[in-house]
Structures are given as structure tokens and as C-alpha cells.
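# A look at the structure
Each chain, written out:
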Amino acid sequence: MKKRRSFLMMLLSIFFILSSLAMGAKDVLVVAQGADAKTLDPHMTNDQPSSRVSSQIYDRLVEQDLNMNIVPGLAEKWKQEDDLTTVFYLRKGVKFHNGEELKASDVKFTLDRMKASAQVSHIIGAIDKVVVVDDYTVKVITEKPFGALTSHLAHTATSIMNEKAVKAAGDKYGQQPVGTGPYKFSEWQAGDKIVLVANKDYFKGEAPTKTVIFRNVPEGTNRTIGLETGEIDIAYDIEPIDKEMVQKHKKLDYVEEPSLSMSYIGFNTTKKPLNDPKVRQAICYAIDIDSLIDAVYQGGAVEANSPIGPKVFGYNKDAKAYKYDPEKAKAILKEAGYTKPIKIKLWTNDNPVRRDICTIVQDQLKQVGIDVEIETLEWGAYLDGTARGEHDMFILGWVSVTGDADYGLYPLFHSSAKGGAGNRSFYSNEKVDKLLDEGKNSVDPEARKKAYAEVQNIVQEDVPIFTMVYTSQNIAKQKNVKGFHMHPAGHHKVYGTVKE
């Protein structure tokens, strides 16, 4: 009887634990996003869903606050010895999740490993070598002066890893990550959820919420339904169609803020007739951005005048904006010698917002004599095809995740970055290359601003890409969720978030 009673008590305990999870226990936070992480090894991917999880597990030498200011991270301070050398002084006593103490050798191991990664090496490509001075001091030496160094070192891909843990796990490290962050990895049910638990030894103090569950909910409407039923506490990226419902719901909060993201239509500048800047300009004048903001983004975007937005260092507020003018578009095409309809293919991936934009753009371009055929590709094939230059026009987005113009402009427009590195328009301009190199290799903020301002003036005239809008980012949450803040770069931290 005693054994049976113990067994029943155990079953009841399990039931109550599961029930409390299902009802949203106060020490459990359920966060839903539109895709599962690919890996939790920061050197093996640079996608947002993975970064949103891994940023809870790891810390970086320096961090960016909500205003994109560089603040201390694992390095409590740093100094620039000369134009090429920056010395970082590590916090003492910081522990990795496996109990190992953070040492300068881990920093060197991490950055050396990152430089060898095909996926993320470009982020710290300017670094020549990393030198360990002692256990708590490390020098980062660049090949040339690099004004954006600390901004790039705040990128999620530079998350500091424990050398011992990485080597022990081998190829499986991405499924069993070890960091110094506020949350430890606990469990991953592929395609469903990732479970994290609070790190009791976190150097900033233990997180008030003990368990965080990242749920993979691809359909936007299902994320919204999960909020309504209380199964989800925070949902990322509410789709425009659900925005009004969430705003009116008594138990939910809808939060929308500017981001570092933009959405653009790219042109393959090596293919006729898009190799003619006049044709590209005509297309820009033929697209009514206001109609896209109203109909597709439901007000969740603003018109752009540059590939980088106002929150990014180096933004040029005076760069050229293309105002809707179909008559001017027709005149430019006529001037360029195009008197008969032009046929162009417009690629998109299977994204509802992008599909809607393509349909509207197709109709608007038809009004000026450009016949557009929309072709929808699977995401992997879409990225591979645009990297190889098989497209005419395409629609994509870019996030200036470091908050610096180097990251926002160099990959999109430098001739060395053609293809998958970012320059999918296959644009080449010697003056732009020179200016981008000047901006990258200077430590003078004013000189960098001047170089980047000129780059924006040139590319807005050449329009290898037409930056349509700066998109807002949004989340929806239960009203009892407090202390959560969106980060402009999109990899939001849940540390400090509580359920009342």
C-alpha cells in the first residue's frame, strides 16, 4: 500500500508540475518565435532565430545597450593602445556553465575559432591576431585601423565560449552549448522547443525567472492564438493581419518599436535591362511606398532614404529618397530608349509580407510599362540562387546588427562581397569600394561619417538596391509580463523579465 501511495503521489506531483507549466507558472516564461534555432554554436550560423536563443546563454567582451551604446560585458574595461591595438581587461571570477573560470585563453580561442568560420569570419575579418597578456588581459590587434571594432565585438557571433567545453563536445557542441550567460542550456526538442534554466552563478545575479522555453511556432496566427489561450507569454514578430486583434485584447500588450532592419528590392546589375541605372531609377519612382506601408505593413514601417537607418552610426539624413512619381518613371524609361514593355522576373521567398509587396509592385510597375513575373522559391533555393546571380530582381531585408555603417553598407555594396556575402546585386563601383575601405580602416568618427555619407549619396543615385522601408519590430505579451525590452538588433534579452 505504501508503495502504491508513493507512486500515486509521484503521479500527482508530475501532474501538478505539468499543469503549472501549461497554465504559465510564474517562474516559467514561454517565448514563441517563427523558426527553430539552427544551432546554438554562434560560429556556425548568423540567423536571427538562433541568435535570439544563444544570446541568453552567452556573454560577449562588450555589449550594446538598448540605445546601441557600447557598455562593459565580460571585459570590465578596455583601452586603445594605438590605432591597431585594443587591450581588454576581463572580470575576475566569472564562471562558465561547466564551472570553469573565464580566462583570456578562452577569449583568444573563441576569436581565433570565429576567424576560421566560413559563416561569421567576415564580422571580425579586420582582426589580425589575439594575444593573451595574462589570465585576465587580452590584446586584440587589427591588420589596419578599424573604427567599428567594439561594435563588431558586441555581435552575438562573438559570444565567448569555453575552450574545454567546445573541444569536449566536438561536432555536437551546437546542441550542448556552454556560456557564461544568465541562462544555461537544458533541453532541445528539435522543431518544438528549447528549454533554458537560470544560471545561479551568473556574475550579474541570478535571473528572477527560473525557466525560459523558446517555442518554435512558424505560423504567425498560431503565435497569436497561443497568446490568447495563455500558453505563450511573449510572441515575437506579430504579423500585420493580427496586429489589431492583439491591440484590442484586454489581457495582452502590443509593443512596436523602430529596429535596425530595412526591406529592399535588389537589382541584378549585371543583367539587361537592369544594368542600366536609368531603368533602376525608373522602377524606384514607379513604386508607391506609402501604399505598401498602409496595405502590407499596417503602419509598421517608415519610408527609407538610405540603406541604413537613423539608429545606425553614419546615417545620412540627406541621402536621396525616391518619391512616387509614375510620370517621371515613364519619362526616364523613354529617355533611356525603352519604348516597349520590359519583361522582368521578381524573386521572393514564401513569406506572406514579401509576397504581398511583390503583388502590389507588380501592378504598379505595369502602369509604367514594366511587366513583372513573380517567382516564389523555397528559402534555401532562394538564398543559393541570388548568391549565384540567377535572378533579375529580388526582395530581401538587411539588419545593421552592429549599429555601425560598416556592417550596414560594406556587405551590400563592396565588390569583394558579391554573392552570398551580401552583395546580391553584384554591384561594383571603385569609388564606393574606396570610401567603404576608408570608413572601415579609420578610427576617426568624423572621417568615417564623411566617407559613409558619400557612399549613401552614390548608392542612392546608382540604386543597385531600392531600400523601401525601415521596418519596425514588434512583440506581443501577456500584461503580467514585466521588465522585457526589445533590442534594436532583434536579439532580445529575457534576463530581468518577470511574471507578476
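Residues numbered from 1 in each chain as written. Predicted model: local features only at pLDDT ≥ 70, side-chain atom pairs only at ≥ 80, totals over all residues. Heavy atoms only, no water.

What follows deals with the side chain of serine 425. Inspection of the secondary structure puts serine 425 in the loop between helix H13 (405-413) and helix H14 (430-440). Here the side chain of serine 425 touches asparagine 423 through a polar contact of 3.1 Å, side chain to side chain. Discounting chain neighbours no more than four positions away, the residues touching serine 425 are Phe267, Asn268, Thr269, Phe394, Leu412, Pro464 and Ile465. (Helix = DSSP H or I, 4+ residues; strand = E, 2+ residues; numbered from the N terminus. Polar contact = N/O pair within 3.5 Å; in protein donor to acceptor, adjacent residues only side chain to side chain. Contact = heavy atoms within 4.5 Å.)

Our focus in this paragraph is the pairing of strand S7 (residues 137-142). Within a regular beta strand, the side chains point alternately toward one face of the sheet and then the other, so they alternate between its two faces. Of all 6 residues that make up S7, 5 are buried, and the element is covered over most of its length. Bridge count for strand S5 (residues 85-90) against S7 is 5 bridges, and the pairing is antiparallel. Residue pairing for S7: threonine 85 is matched across the bridge by isoleucine 141. Bridging between strand S6 (residues 127-134) and S7 involves 6 bridges; their strand directions are antiparallel. Looking at the pairing, aspartate 134 lines up with threonine 137 of S7. Between the antiparallel neighbours S6 and S7 lie 2 residues. (Buried < 20%, exposed > 50% of the residue type's maximum accessible area, 1.4 Å probe, protein only. Pairing = 2+ DSSP bridges.)

Orientation of H13 relative to helix H15 (residues 445-462), taken along the N-to-C sense of each, is 40°, at an axis distance of 11 Å. Taken together, the axes of H13 and H15 are oblique relative to one another. For the pair H13 and H15, the crossing hand works out as left-handed. Residue-level contacts link Ala405, Asp406, Leu409 and Phe413 of H13 to Arg448, Tyr452, Val455, Gln456 and Val459 of H15. Looking at the contact of H13 with H15 residue by residue, the class counts come to 6 nonpolar, 1 polar and 2 charged. (Axes fitted to C-alpha atoms, helices over the stretch in contact; angles between N-to-C directions. Parallel < 35°, antiparallel > 145°, perpendicular 65-115°, else oblique. Left-handed = near helix turned anticlockwise from the far one by under 90°. Nonpolar A, V, L, I, M, F, W, Y, C, P; charged D, E, K, R; others polar.)

What follows is about unusual backbone geometry. The omega torsion of the bond from lysine 272 to proline 273 falls at -5°, within 30 degrees of zero and hence cis. Mapped onto the secondary structure, proline 273 falls in the loop between strand S12 (252-267) and helix H8 (277-286). The backbone phi angle of aspartate 237 is positive, close to 60°, even though this residue is not glycine. Take aspartate 237: it is sitting in the loop between strand S11 (234-236) and helix H7 (240-248). Owing to a relative accessible area of 31%, aspartate 237 belongs among the partly exposed residues under this scheme.

Further remarks concern the packing of aromatic side chains. Counted by the stated rule, this structure contains 10 aromatic pairs. Taking 4.9 Å as the distance between ring centres and 65° as the angle between the ring planes, the aromatic pair formed by tyrosine 285 and tyrosine 322 counts as edge-to-face. Separated by 37 residues along the polypeptide, tyrosine 285 in helix H8 and tyrosine 322 in the loop between strand S13 (301-303) and helix H10 (326-335) bring together distant segments of the chain. The exposure classification of tyrosine 285 matches that of tyrosine 322, with both residues buried. Grouped by ring-pair contacts, the aromatic residues Tyr202, Phe203 and Tyr495 constitute a single cluster. Its guanidinium or amino end placed over the ring of tyrosine 89, lysine 77 lies 5.4 Å from that ring's centre, counting from NZ or CZ. In this structure, lysine 440 packs its charged tip against the face of tyrosine 410, placed 4.3 Å from the ring centre. (Phe/Tyr/Trp six-rings, centres within 6.5 Å; stacked < 30°, edge-to-face > 60°. Lys NZ or Arg CZ within 6 Å of the ring centre and 35° of its normal.)

Further remarks concern the pattern of salt bridges. One pass over the structure, following the stated rule, counts 31 salt bridges. Across the pair aspartate 112 and lysine 108 runs a salt bridge, and its minimum N-O distance is 2.9 Å. Residue aspartate 112 and its partner lysine 108 are located together in helix H3 (residues 104-115), separated by 4 residues, close to a single helical turn. By relative accessible area, aspartate 112 is classed as partly exposed at 31%. The residue lysine 271 makes a salt bridge to aspartate 392 at a minimum N-O spacing of 3.6 Å. Of the two residues, lysine 271 sits in the loop between S12 and H8 while aspartate 392 sits in the loop between helix H12 (379-388) and strand S16 (393-399), which places them 121 residues apart along the sequence. The partly exposed category is assigned to lysine 271, whose relative accessible area is 27%. Its relative accessible area of 17% is what places aspartate 392 among the buried residues. One salt-bridge network, in which partners are shared between bridges, spans Asp253, Lys477 and Lys479. (Salt bridge = Lys/Arg side-chain N within 4 Å of Asp/Glu carboxyl O.)

For the protein chain, the mean per-residue pLDDT works out to 92, and 95% of the residues sit at or above 70. Scored below 50 in pLDDT, residues 1-6 makes 0 contacts in the model with residues more than four places away or belonging to other chains. Predicted confidence for residues 11-23 stays below pLDDT 50, and this span has 4 contacts to residues more than four positions away or in other chains. (pLDDT = per-residue confidence, 0-100.)

Across its 12 residues, H3 extends 17 Å between first and last C-alpha, which sits within 8% of the 16 Å expected from 1.5 Å per residue. Among the residues of H3, Ala104, Asp106, Val107, Phe109, Thr110, Leu111 and Met114 are the ones counted as buried. Residues of H3 that are buried make contact with S5, S6, S7, helix H4 (149-153) and helix H5 (163-169). (Expected span 1.5 Å × (residues − 1).)

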